[in-house]
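# Results of the structural survey
Below are the chains, spelled out letter by letter.
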Amino acid sequence: MKTYPLKDWGLDIQNPLIIAGPCSVETAEQLDKTVEGLVKQGVKIIRAGVWKPRTRPNTFEGVGSIAFPWIQEAKEKYKVKFAVEVASPAHVEEALKNNIDLLWIGARSTANPFTVQDIADSLKGVDIPVLIKNPINPDLALWIGALERIHEAGITKIGAIHRGFSNFNDTHFRNSPMWQIPIEFKTRFPDIPLINDPSHICGKRALIPQVAQMALDLNFDGLMIESHFHPDAAWSDAEQQLRPEDLGLLLASLKTRQVFVDDPAFASQLQSIREQIDDTDREILELLSRRMGLVEKVGEYKKINNVAVFQIERWKKVFQTRPEWAIALNLNPEFVKELYKMIHTESIKKQTEVMERHLS
Ligand code: PEP
Ligand code: MN
C-alpha cells in the first residue's frame, strides 16, 4: 500500500500525534471552552463528533450540521485543525464543504463493507487524511479491508485507530484492547500510522493513563483522547472524558520510548541480551522436541499394551503440577496453564498419529 508517513500529511504533527476533543459537539460554548482549554495544553488537532453512532435509539445522536459554524469559529480563533467522524457520503460531502482537516471512520462503520465502500466512493479525487478505527468485532481482515477500500479510492494519507473490541459484560474495559490485533496490524503495515484511542477502550477516566502508556510502550504513533471542559455534564461518554487540564497532566506524565538508539554501548548491550534470548529459545525448542519424542514413545507403549491415548488422571496431574512448578520458578501459572493446554493438544495428536501408523 503506497501511503504517506504522518510527517507528510501537511499538518502540524506532534510526536506522538495527539488528537483530543469532545466525544460530541454539544453547544457553541462547550466547543469553545473545551478547545480553549486544549490549546493551552498544546493540542493542535481537535476531534469532534458531529454525527454520533449510538448503540441504543433515543439517545443523543449528535447535533449534526449546526456544529460546523462553531467548528469554523474555533478553527479561526485557536488555529487548530479538526477531525470529524463520517459514516456516509452525505457526511463526507458536508465535512469537506466545511473545511474539516481530517476524517475518521468509526468502529461500527468499519464493520460494514457496504458503508466503507460508499464512503470510499465519495472520497474519490479528494486529498484528505482518513483515520480508520478498528471494527467493533476482533477481525483484523475487516480492518485491513476497510483501509484497502479507502486506499483504492485514492486516499494516501491513511491512519488506523485502535479503539478496542466489543465484549459481553467485560467489567474492566468498555472495549477489550486485545493488543495482539494492533500488534499484528503494525507488523503487517509498519508504514501506516497507528493511533490508540484509550477513551473508548477504557470507558472510565481512571484507566486511561495505563492504556495510553501501554500504547506508547508498544510504539503506537499517537493517541486520540476524549476531552470536555465539564465531563460530568457531557451529553455522551461522560465517564471517559478528561478535563483539558487533566489531559495536560496525563500527556506530561507519559513516557515516550525511542525505537532506535544511537548510543553504541546501549546497542551492543541490547544485542548481547537478544543473543541470549535466541539461545534460550533454541534450548526451549530442543526440550520441546525431546518432550514430543517421549510422548511418541509413550504412544508406542500404550499401543502395544492396548491402552487408550487419553488418560484423564494423568492429565489432571499434569495440569495441577505444572502451574505449581511455575510459581516456584517465578512464572505466571495462568500462562503456564495455557501453554500446557497447547502442549496437551499436540501430544494427543502425536499419539493418535502413532496409533494410526501402527494400524496401517
Ligand atoms: C467516538 O469516537 O466517539 C466513537 C463513536 O467511537 P467508536 O467508533 O470507536 O465507537
Ligand atoms: Mn465517544
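Cut-offs and rules
- Residues numbered from 1 in each chain as written.
- Chains lettered and ligands numbered in written order.
- Predicted model: local features only at pLDDT ≥ 70, side-chain atom pairs only at ≥ 80, totals over all residues.
- Heavy atoms only, no water.
- Helix = DSSP H or I, 4+ residues; strand = E, 2+ residues; numbered from the N terminus.
- Buried < 20%, exposed > 50% of the residue type's maximum accessible area, 1.4 Å probe, protein only.
- Contact = heavy atoms within 4.5 Å.
- Areas by Shrake-Rupley, 256 points an atom, 1.4 Å probe, with all protein chains shown as cover.
- Pairing = 2+ DSSP bridges.
- Axes fitted to C-alpha atoms, helices over the stretch in contact; angles between N-to-C directions.
- Near = heavy atom within 4 Å.
- Polar contact = N/O pair within 3.5 Å; in protein donor to acceptor, adjacent residues only side chain to side chain.
- Core = buried A, V, L, I, M, F, W, Y, C linked by side-chain atoms within 4.5 Å.
- Arc of directions from axis to C-beta.
- Patch = residues over 30% accessible without salt bridge, like charges linked within 9 Å, V, L, I, M, F, W, Y side chains within 5 Å.
- Salt bridge = Lys/Arg side-chain N within 4 Å of Asp/Glu carboxyl O.
- Phe/Tyr/Trp six-rings, centres within 6.5 Å; stacked < 30°, edge-to-face > 60°.
- Lys NZ or Arg CZ within 6 Å of the ring centre and 35° of its normal.
- Right-handed = clockwise from strand over helix to strand, strands pointing away.

A separate point is the overall build of the protein. Helix and strand counts for the protein stand at 13 helices and eight strands. Considered along the principal axes of its C-alpha atoms, the protein spans approximately 85 × 50 × 40 Å. Out of the 360 residues in the protein, the part that is buried amounts to 44%. Taking the contacts inside the protein whose residues are at least 6 apart along the sequence as the reference set, 73% of them involve residues at least 24 apart. A total of about 19400 Å² of accessible surface is found on the protein, and carbon and sulfur atoms cover 55% of it.

Within the closed barrel, the eight strands sit side by side as 1-2-3-4-5-6-7-8. Their pairing is parallel. Strand-to-strand twist of the sheet, defined as the mean angle between neighbouring strand axes without regard to direction, takes the value 25°. Relative to strand 3 (residues 81–85), strand 2 (residues 45–47) is paired through three bridges, and the arrangement is parallel. Note that in strand 3 the partner of Ile 46 across the bridge is Phe 82.

This brings us to the site of ligand 1. Neighbouring residues of ligand 1: 13 residues in total, closest Arg 47, Lys 52, Arg 108, Lys 133 and Arg 163. The contact in question runs from an oxygen atom of ligand 1 to an N or O atom on the side chain of Glu 226, over 3.3 Å. Surface burial for ligand 1 is 97%, taken as the share of its 300 Å² of free accessible area covered by protein chains.

The next thing to look at is the nonpolar core. The biggest cluster of nonpolar side chains holds 65 residues, and the ones touching the most others in it are Ile 71, Phe 82, Leu 123, Ile 132, Trp 143, Ile 150 and Phe 185. Of the residues forming this core, the biggest block, six residues, is contributed by helix 6 (residues 140–152). Apart from residues no more than four positions distant in its own chain, Ile 71 is found in contact with Val 25, Leu 31, Val 50, Phe 82, Val 84 and Ile 100. Formed by 13 residues, the second largest nonpolar core is a distinct cluster that contains Leu 11, Ile 19, Ala 83 and Met 224.

What helix 3 (residues 89–97) keeps buried is the set His 91, Val 92 and Ala 95. Down the axis, helix 3 shows its buried residues gathered within 100° of arc, on one side only. Of the exposed residues in helix 3, those oriented more than 90 degrees away from the buried face are Glu 93 and Lys 97. Tucked inside the fold, the buried residues of helix 3 contact helix 2 (67–78), strand 4 (102–105) and helix 5 (113–122). Residue Asn 99 follows helix 3 closely and has a positive phi angle near 60°.

Tracing the backbone through its elements, the reader meets Gln 241 in the loop between strand 8 (222–226) and helix 10 (244–253). Only 3.1 Å separates the side chain of Gln 241 from the backbone nitrogen of Cys 23, close enough to count as a polar contact. If near-sequence neighbours (up to four positions away) are discounted, Gln 241 is found in contact with Gly 21, Pro 22, Cys 23, Arg 205, Glu 226, Ser 227, His 228, Pro 231, Ala 234 and Ser 236.

Attention now moves to a nonpolar patch on the surface. A contiguous nonpolar surface patch, about 510 Å² in accessible area, is contributed by Leu 329, Leu 331, Phe 335, Leu 339 and Met 342. The residue Leu 329 is located in the loop between helix 12 (312–328) and helix 13 (333–359) in this model.

With omega at -5°, the peptide bond leading from Asn 15 into Pro 16 counts as cis. You can see Pro 16 is positioned in the segment before strand 1 (17–21). Here the phi dihedral of Asn 99 falls at roughly 60°; this positive angle occurs in a residue that is not glycine. Among the secondary structure elements, Asn 99 is positioned in the loop between helix 3 and strand 4.

Any two aromatic rings considered together are summarised by their centre-to-centre distance and by the angle between their planes. Taken as a whole and assessed by the stated rule, the structure comprises six aromatic pairs. Ring centres of Phe 185 and Phe 189 lie 5.3 Å apart, and the angle between their planes is 40°; on these two criteria the pair is classed as tilted. By the ring-pair criterion, three or more aromatic residues cluster together here, those being Trp 143, Phe 185 and Phe 189. It is Lys 2 that lies over the ring of Tyr 4; its NZ or CZ is 5.0 Å from the centre.

Structurally, Lys 186 can be placed in helix 7 (residues 180–188). Along the sequence, Lys 186 and Leu 218 sit 32 residues apart, while their C-alpha atoms lie 9.7 Å from each other. Those residues in contact with Lys 186, other than ones at most four positions away along the chain, are Ile 192, Leu 194, Asn 219 and Asp 221. A polar atom in the side chain of Lys 186 sits 3.5 Å from the backbone oxygen of Pro 190.

This brings us to the pairing of strand 3. Where burial is concerned, most of strand 3 is hidden: four out of the five residues are buried. In the classification by handedness, the crossover that spans strand 2, the intervening helix 2 and the parallel strand 3 is right-handed. In terms of strand pairing, strand 3 meets strand 4 through three bridges, oriented parallel. Its bridge partner being in strand 4, Ala 83 is matched across the sheet by Leu 102. Handedness of the crossover is the feature at issue here: the chain leaves strand 3, passes through helix 3, returns alongside strand 4, and the resulting connection is right-handed.

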